[in-house]
Number of protein chains: 2
Amino acid sequence: MQIGICGLGTVGSGAFNLISGNGQEMKRRIGRELTIAQVGCRRDHPDCDLSSTNVTRDIFDVVKNPEVDIVLELIGGTDDALKLVMEAISNKKHVVTANKALIAEHGDEIFGAASKRGVQVRFEAAIAGGIPIVKAIREGLAANRVEWVAGIINGTSNYILTEMSEPGRNLAFADVLKDAQDLGYAEADPTFDVEGIDAAHKLTILSSIAFGVPLRFDAIYTEGISGITSEDIGYARELGYTIRHLGVTRNLEDSVELRVHPCLVANSHMLAQVNGVMNAVMVGSDAAGATMYYGAGAGSGPTASAVLGDVIDIVRTDGVHSVANLGFMPETLEPKRVMEIQEFEGSAYLRLVVSDEPGVMARISTILGQYKISIEALIQKDARGGDAHVVIITNSVLEKSLNDAMQELAGLDETKGDIARIRVADFS
Amino acid sequence: MQIGICGLGTVGSGAFNLISGNGQEMKRRIGRELTIAQVGCRRDHPDCDLSSTNVTRDIFDVVKNPEVDIVLELIGGTDDALKLVMEAISNKKHVVTANKALIAEHGDEIFGAASKRGVQVRFEAAIAGGIPIVKAIREGLAANRVEWVAGIINGTSNYILTEMSEPGRNLAFADVLKDAQDLGYAEADPTFDVEGIDAAHKLTILSSIAFGVPLRFDAIYTEGISGITSEDIGYARELGYTIRHLGVTRNLEDSVELRVHPCLVANSHMLAQVNGVMNAVMVGSDAAGATMYYGAGAGSGPTASAVLGDVIDIVRTDGVHSVANLGFMPETLEPKRVMEIQEFEGSAYLRLVVSDEPGVMARISTILGQYKISIEALIQKDARGGDAHVVIITNSVLEKSLNDAMQELAGLDETKGDIARIRVADFS
């Protein structure tokens, strides 16, 4: 089987070089050599020696090329990528992609077409870079009923939170973001990463392959890390928690939880140990229990490793005898309501700034009590200008009740500015 | 394809119940139902309803049964298990086993026979229970040159070390072992676990599937945890380390490191966070970098999850279009010298008990200096009866030089009893 590469950026160049660099090692594993029939790219990549490669400037040449059996879609974006992938499929070519947005938003259409044509569409590289998490869920845990998945699946956000958590430095989000941009860990426009959209794409896919439900990017709850302050990180630490940006999905009786937001994670939890740009995904399943998968979530080498792992799978199974695209037979995908975030039940961290007057704690407690919210932990500290910070960890409570209580708390004369709320991780 | 189960102990009963309990979920994934043609067991298991199952008291009936396509070898041990597996293969049945000793000691013979007969032998459950580590290495990382593997692969040892590490309790190995036995975490005869033999079996297999080298259980260096004291754990903690029992294998230019022993692991390292009976395996590879796989290493559910994951793979690939047994084409397995432990180079923790006399530190340093061993960290503390404890972390040094230096140190008039030596983890 021959490979056509579309896109020669960070991932494409990594894949190209990995095929030449580790070609012999791969041949030892799969018994044949992987060959590149054609590369489609707008411009050559300085790290790639293309002198003996058939290069075209039109990526659509690659999906038309009769020599190409497996198309690597590594151009990114969703418009051209969708056209390219659909044309590859209609030409009966297998597709390997690293494109999370494409799969999360157009996966149903793509997989439908692929099933009809009898080709595979693989996307290990779309989630958590070099960590074979798609394989672990679709295959390694295939005997299990998966109950939940929780992961640190955006390296940029995790890097920023880790830096902000450096004890004693009290760095602000904006400053760390600027450092991350200078270091190449964050894009010039960081919205996709820091507002949780990238993580939402990935979690959408994880949820489908874990539970056998259709892709529901339209219904995911998404919150990023731009509202997290160094004060929140400090108070969380005092209470025994680390703040991490998580994607959490859970399979319930009649709905699916699908949410991406910052979380307080107990320091003793494995996910609290995941620092910097690293990713980790924990999977709760009925037979295996909780298993976790950790590694680099991005970068040329790790992503290329995942792309070529998929290629090798297609070659080893002759492109036929393999796994359904979402890990479940398409006709058994079970449409399920995605839970509204207001229905979510869990504990939360609240931080209020109040004027430090007698009776203010009594008024706060009274409001919480009216909504049957009890206080699991509390910190009160003097802040600047006669203000006080009140930090509360609530018991497990319906989000709607908490919203209502927060609105009343915000209406108190003593309350200044917005109340911070961060959910507490509730899986183990 | 129909399944025959041999052995209905912890793992066999788990597999039996998982097939019935999650049969529908598995059917959604693979498009067909898994059926059990026959169960061979010495006695029924109280957790299994065998009323509609063909049960035999002779496990060899199962491998002769023409209805059986996949044999689950879950009897343990190596004598009967080897006979059973070889007969299953010669009857052209696929084999799934949880038996690490069988694969580590007789794998070459078994895989050779399986290749000839065109059947598969799968052993995900032999290593790290419910963690799909064999799949991750043979498939997920198949595009990589694997450089090293380091893992906590014996839950009993990790449980004992974790308990011994409880701050302030200073528990002795023997006492924690007894607790572990009472809790069912350790066998009545704990030798296999606490002396490292079980971990050596697993590491032998990991090394082969990582590097494509023949199974070399005969050449592995094995050391258990029975010599670890609570004092060592306390000193390690003062120096920023946790003591863990690791299997480490590394692919070098002209040899392979293959060693199982206690290690000092830096507290900031992910493997230092793995507590209790949990397992974790870290894999260093050239493209993906370091990835880690964490979960329950034993128990009925996790092991059954791995066994049935293998069964599902065989069914999905129709027993043919799949992965070579050791992940590499048999003819490409590369025999390599296994490094003698004396050739190993790394830093080490040493603990000496000396009579607290003037000049003793000078004599110790002089001896170390003669062997060009420098001191990276040092603790000296008064101990009972006018003795002192001297704890040293050396620089990276050839094990042979360190042995010689330790022999001279042991010969000093001031030295009392044996010198403790624990290697320091040297991967990242």
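Residues numbered from 1 in each chain as written. Chains lettered and ligands numbered in written order. Predicted model: local features only at pLDDT ≥ 70, side-chain atom pairs only at ≥ 80, totals over all residues. Heavy atoms only, no water.

## Re the overall build of chain A
Counting its secondary structure elements, chain A contains 14 helices and 19 strands. What you see for chain A is a C-alpha radius of gyration of 24 Å, in line with the 22 Å of a compact globule of 428 residues. Projected onto its principal axes, the C-alpha positions of chain A cover 80 × 45 × 35 Å. When burial is assessed residue by residue, chain A has 61% of its 428 residues classed as buried. For chain A, the exposed area adds up to about 15700 Å²; of that, 47% sits on carbon and sulfur atoms. One way to put it: in chain A the 38 positive side-chain charges average out to a point 5 Å from where the 58 negative ones average out. (Helix = DSSP H or I, 4+ residues; strand = E, 2+ residues; numbered from the N terminus. Rg over C-alpha atoms; globule rule 2.2 N^0.38 Å. Buried < 20%, exposed > 50% of the residue type's maximum accessible area, 1.4 Å probe, protein only. Areas by Shrake-Rupley, 256 points an atom, 1.4 Å probe, with all protein chains shown as cover. Lys, Arg positive; Asp, Glu negative; His and termini not counted. Charge placed at Lys NZ, Arg CZ, Asp CG, Glu CD.)

## Some words on the packing of helix α7 (residues 155-164) of chain A against helix α8 (residues 173-183) of chain A
Residues and elements named next belong to chain A. Where α7 contacts α8, the axes come no closer than 9 Å and their chain directions differ by 125 degrees. Here α8 runs oblique to α7, going by the angle between their axes. Two packed elements cross with a definite hand, and for α7 against α8 that hand is right-handed. Residues Tyr159, Ile160, Glu163 and Met164 of α7 form the contact with α8, whose participating residues are Phe173, Val176, Leu177, Ala180 and Leu183. (Axes fitted to C-alpha atoms, helices over the stretch in contact; angles between N-to-C directions. Parallel < 35°, antiparallel > 145°, perpendicular 65-115°, else oblique. Left-handed = near helix turned anticlockwise from the far one by under 90°. Contact = heavy atoms within 4.5 Å.)

## Notes on helix α1 (residues 10-21) of chain B
Two residues of an α-helix separated by three or four positions point the same way, owing to the 3.6 residues in each turn. All names here are of chain B. Its twelve residues place the ends of α1 16 Å apart at the C-alpha level, agreeing with the 16 Å of an ideal helix rising 1.5 Å per residue. Listing the buried residues of α1 in full gives Val11, Gly12, Ser13, Gly14, Ala15, Phe16, Leu18 and Ile19. Contacts from the buried residues of α1 go to β1 (2-6), α2 (23-30), β2 (35-40), β4 (70-73) and α12 (300-316). (Expected span 1.5 Å × (residues − 1).)

## Structural notes on the environment of B:Val360
Residue and element names in this part refer to chain B. With respect to the element layout, valine 360 can be found in helix α13 (residues 360-370). Taking the C-alpha atoms as reference points, valine 360 and glycine 129, separated by 231 residues in sequence, lie 49 Å from one another. Look past the residues within four positions of valine 360 in its chain and what remains in contact with it is Val354, Ser355 and Glu414.

## Notes on the interface of chain A and chain B
Taken residue by residue, the interface counts 62 residues in chain A and 62 residues in chain B. Surface buried jointly by chain A and chain B totals about 4900 Å² across both partners, of which 51% is contributed by carbon and sulfur atoms. Counting across the interface, chain A meets chain B through five salt bridges. Between B:Lys135 and A:Glu139 there is a salt bridge, with the nearest N and O atoms lying 2.7 Å from each other. The element that contributes the greatest number of residues to the side of chain A that touches chain B is helix α12 (residues 300-316) of chain A, accounting for eight residues. The residue inventory of the side of chain A that touches chain B, partitioned by class, reads 31 nonpolar, 18 polar and 13 charged. (Buried area = accessible area lost by both parts, 1.4 Å probe. Salt bridge = Lys/Arg side-chain N within 4 Å of Asp/Glu carboxyl O. Nonpolar A, V, L, I, M, F, W, Y, C, P; charged D, E, K, R; others polar.)

## Overview of the pairing of strand β19 (residues 415-424) of chain B
Residues and elements named next belong to chain B. In terms of burial, β19 is largely enclosed, as seven of its ten residues are buried. With two bridges joining them, strand β10 (residues 255-266) and β19 adopt parallel strand pairing. Counted as the bridge partner of cysteine 263 is arginine 423 from β19. Inspection of the sheet shows strand β15 (residues 348-355) paired to β19 by six bridges, in the antiparallel sense. Bridge assignment links arginine 351 to a residue of β19, and that residue is alanine 420. (Pairing = 2+ DSSP bridges.)

## What to know about the side chain of B:Arg316
If you trace the backbone, B:Arg316 turns up in helix α12. At 3.4 Å, the side chain of B:Arg316 forms a polar contact with the backbone oxygen of A:Gly327. Discounting residues that sit within four places of it in the chain, B:Arg316 has contacts with A:Arg138, A:Glu139, A:Ala142, A:His321, A:Ser322, A:Val323, A:Gly327, B:Arg29 and B:Ile30. (Polar contact = N/O pair within 3.5 Å; in protein donor to acceptor, adjacent residues only side chain to side chain.)

## Describing a negative patch on the surface
Residue and element names in this part refer to chain A. On the surface, a cluster of negative charge is made up of Asp356, Glu357, Asp382 and Asp413. With respect to the helices and strands, aspartate 356 occurs in the loop between β15 (348-355) and α13 (360-370). On the accessibility criterion, aspartate 356 (39% relative accessible area) is partly exposed. (Patch = residues over 30% accessible without salt bridge, like charges linked within 9 Å, V, L, I, M, F, W, Y side chains within 5 Å.)

## As for the layout of surface pockets
Residues and elements named next belong to chain A. Empty space within the second largest pocket amounts to approximately 1200 Å³. At the level of elements, α1 (10-21), α5 (100-117), α7, α9 (191-194), α10 (197-211) and α12 are the ones that each hand at least two residues to the lining of the second largest pocket. Class assignment for the residues of the lining of the second largest pocket results in 15 nonpolar, 18 polar and six charged. For the lining of the second largest pocket, the two domains that each supply at least three residues are domain 1 (2-122) and domain 2 (133-296 + 335-339). (1 Å grid on protein atoms, 1.4 Å probe; cavity = no way out; pocket = protein on both sides within 12 Å on 5 of 7 lines; lining within 4 Å. Points joined across faces, edges and corners; volume = space filled by probe spheres on them. Domains from an automatic or database assignment.)

## Topic: the packing of α2(B) against α12(B)
All names here are of chain B. Axis separation between α2 and α12 bottoms out at 11 Å; the angle between their running directions is 35 degrees. Viewed along their axes, α2 and α12 form a crossing whose handedness is right-handed. Residues Met26, Arg29 and Ile30 of α2 lie in contact with α12, whose contacting residues are Leu308, Ile312, Val315 and Arg316.

## Looking at the domain arrangement of chain A
For chain A, the assigned domains are domain 1 (2-122), domain 2 (133-296 + 335-339) and domain 3 (344-424). The centre of domain 1 of chain A, based on its C-alpha atoms, is set 52 Å off from the matching centre of domain 3 of chain A.

## Some thoughts on the sheet that holds strand β5 (residues 94-97) of chain A
All names here are of chain A. Sheet architecture is open: six strands sit in the order β3-β2-β1-β4-β5-β6, paired in parallel fashion. Unpaired on one side and paired on the other, β3 (55-56) and β6 (121-122) mark the two borders of the sheet. Where strand β1 (residues 2-6) meets strand β2 (residues 35-40), five bridges bridge the pair, whose relative direction is parallel. Paired with glutamine 2 across the bridge in β2 is threonine 35. Those strands touched by helix α4 (residues 79-90) are β1, β4 (70-73), β5 and β6, and its axis lies near 175 degrees from that of β4.

## Brief notes about the relation of the copies chain A and chain B
After a rotation of 180 degrees and a shift along the axis of 0.0 Å, chain A superposes on chain B with an RMSD of 0.0 Å. Accordingly, the operation relating the two chain copies is best matched by a two-fold axis. For chain A, the smallest separation between a C-alpha atom and the rotation axis is recorded for A:Tyr293, amounting to 2.4 Å. Of all interface residues in chain A, 100% are interface residues in chain B too; the two copies therefore contact each other through one and the same surface. (Least-squares fit on C-alpha atoms with pLDDT ≥ 70 in both.)

## Focus: the packing of aromatic side chains
Counted under the stated rule, the structure contains seven aromatic pairs over all chains. Note on A:Tyr159 and A:Tyr185: the rings are 4.7 Å apart at their centroids and 70 degrees apart in plane angle, and the pair reads as edge-to-face. Of the two residues, A:Tyr159 is situated in helix α7 and A:Tyr185 in the loop between α8 and α9; the sequence distance between them amounts to 26 residues. For A:Tyr159, a relative accessible area of 10% translates into the label buried. Of the residues examined, A:Tyr185 reaches a relative accessible area of 38% and is grouped as partly exposed. Aromatic pair B:Trp148 and B:Phe427: ring centres 5.2 Å apart, planes at 35 degrees, arrangement tilted. Taken together, the residues B:Trp148 in strand β7 (residues 146-152) and B:Phe427 in the segment after β19 connect sequence positions 279 residues apart. (Phe/Tyr/Trp six-rings, centres within 6.5 Å; stacked < 30°, edge-to-face > 60°.)

## Describing the pattern of salt bridges
Enumeration over the complete set of coordinates arrives at 57 salt bridges over all chains. For A:Glu343, the salt bridge is made with A:Arg337, and the minimal N-O distance between the two is 3.0 Å. Judged by its relative accessible area of 28%, A:Glu343 is partly exposed. A salt bridge links B:Asp218 to B:Arg216, with the nearest nitrogen and oxygen atoms 2.9 Å apart. Residues participating in the shared-partner salt-bridge network are A:Arg122, A:Lys135, A:Glu139, A:Asp310, A:Asp313, B:Arg122, B:Lys135, B:Glu139, B:Asp310 and B:Asp313.

## Here we look at the confidence of the model for chain A
For chain A, mean pLDDT is 96; residues scoring 70 or higher make up 100% of the total. With a pTM of 0.97, the predicted complex shows an ipTM of 0.96. (pLDDT = per-residue confidence, 0-100.)

## What about empty space enclosed by the protein?
For the coordinates displayed, the defined rule picks out eleven cavities of 30 Å³ or more. Roughly 140 Å³ of internal volume is contained in the largest cavity. Together, 18 residues line the largest cavity, and A:Glu139, A:Thr317, B:Glu139, B:Asp313 and B:Thr317 are the ones closest to its centre. Counting residues per element, the ones that place at least two in the lining of the largest cavity are α6 (133-140) and α12 of chain A together with α6 (133-140) and α12 of chain B.

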